[in-house]
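Residue strings, one per chain:
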Amino acid sequence: QVQLEESGGGLVQPGGSLRLSCAASGTPLSTYVMGWYRQAPGKERELVADMSRGNKRHYADSVKGRFTISRQNSKNTAYLQMNSLEPEDTAVYYCIAQSPIATTPDYWGQGTQVTVSS
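Here's a quick rundown of the structure. Counting starts from 1 at the beginning of each chain's written sequence and moves along it residue by residue. Only residues with pLDDT of at least 70 get local features here, since the model is predicted, and only at 80 or more are side-chain atom pairs given and counted; chain-wide, interface and lining totals rely on the full set of residues. The side-chain values count all of the structure's non-hydrogen atoms but skip hydrogen atoms and water molecules.

On to the sheet that holds strand E7 (residues 67–72). For two strands to count as paired, DSSP must find a minimum of two bridges between them. Numbering of helices and strands starts at the N terminus; helices are DSSP runs of H or I of at least 4 residues and strands are runs of E of at least 2. The antiparallel open sheet is built from 4 strands, whose spatial order is E1-E3-E8-E7. Here the strands that pair on one side only, and so sit at the sheet edges, are strand E1 (3–7) and E7. Across the sheet, the axes of successive neighbouring strands diverge by a mean angle of 15°, strand direction being ignored. Of the pairings in the sheet, the one linking E1 to strand E3 (residues 18–25) comprises 5 bridges and is antiparallel in character. In the strand pairing of E3, Glu5 is matched with Ala23. An axis is simply a line fitted to the C-alpha atoms; with a helix, the fit covers only the stretch in contact. Between two such axes, the angle follows the N-to-C directions and lies from 0 to 180 degrees.

In this section: the nonpolar core. Counting 29 residues, the largest nonpolar core has Met34, Trp36, Phe67, Leu80, Met82 and Tyr93 as the members making the most contacts within it. Elements with a minimum of two residues in this core: E3, strand E4 (33–39), strand E5 (46–51), E7, strand E8 (77–82), strand E9 (91–98) and strand E11 (112–116). Ignoring anything within four residues of it in the chain, the contact list for Met34 reads Cys22, Leu29, Ala49, Asp50, Met51, Ile69, Arg71, Ala78, Cys95, Ile96 and Ala97. We define the nonpolar core as a collection of buried residues of types Ala, Val, Leu, Ile, Met, Phe, Trp, Tyr and Cys that are connected through side-chain atoms lying within 4.5 Å of one another. Burial here depends on accessible area, computed with a 1.4 Å probe over protein chains only, as a share of the maximum for the residue type. Under 20% is buried, over 50% is exposed, and the range in between is partly exposed. Should any heavy atoms of two residues lie within 4.5 Å, those residues are counted as being in contact.

Aromatic rings considered in pairs are described by the distance between their centres and by the relative angle of their planes. Classification of ring pairs rests on two measures: the distance between centres of Phe, Tyr or Trp rings, Trp counted by its six-membered ring, which must be within 6.5 Å, and the angle between planes, read as stacked under 30 degrees, edge-to-face over 60 and tilted in between. Under the counting rule described, the total for this entry stands at 3 aromatic pairs. Ring geometry for Tyr32 versus Tyr107: centroids 5.9 Å apart, planes at 75°, classification edge-to-face. With Tyr32 in the loop between E3 and E4 and Tyr107 in strand E10 (residues 107–108), this pair connects stretches of sequence that are 75 residues apart. Between the aromatic rings of Tyr37 and Trp108, the centroid separation amounts to 5.0 Å while the plane-to-plane angle is 50°, which identifies the pairing as tilted. In this pair, Tyr37 sits in strand E4 while Trp108 sits in strand E10, placing the two residues 71 residues apart along the sequence. Grouped by ring-pair contacts, the aromatic residues Tyr37, Tyr94 and Trp108 constitute a single cluster. To sit over a ring, a charge needs its Lys NZ or Arg CZ within 6 Å of the ring centre and within 35 degrees of the ring normal. The aromatic ring of Trp108 is capped on one face by Arg45, whose charged end is 4.6 Å from the ring centroid.

Now for unusual backbone geometry. Notably, Asn55 is not glycine yet its phi reads approximately 70°, a positive angle. As for its placement among the helices and strands, Asn55 is situated in the loop between E5 and strand E6 (57–59). On the accessibility criterion, Asn55 (40% relative accessible area) is partly exposed. Of note in the backbone geometry, Ser84 takes a positive phi value of approximately 50° without being a glycine. Tracing the backbone shows Ser84 in the loop between E8 and E9.

This is the structure:
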């Protein structure tokens, strides 16, 4: 059984930083596209960043230059480094794993809350 477990969320002031982690069990993450979605209250879930098996990265325009996605296959873990956080980044963040030929994620984590507020 594949499980993704996020950690690292919390409350941070505007301009601050957080690093989210996504630890996988039951499958090697190296075979998947890894990504992070988020969903803010009253808004649709959106793709924040993803990273292919070949380490090609894609970011939503709203986070370019502030967020960095990475993966450490030896630890079966993916990360999302978030800098210069803004109140608009407040959301539940979800880790996903997607087969390269799939059009939607195969696996989702349970989500971790990120709140940016003074």
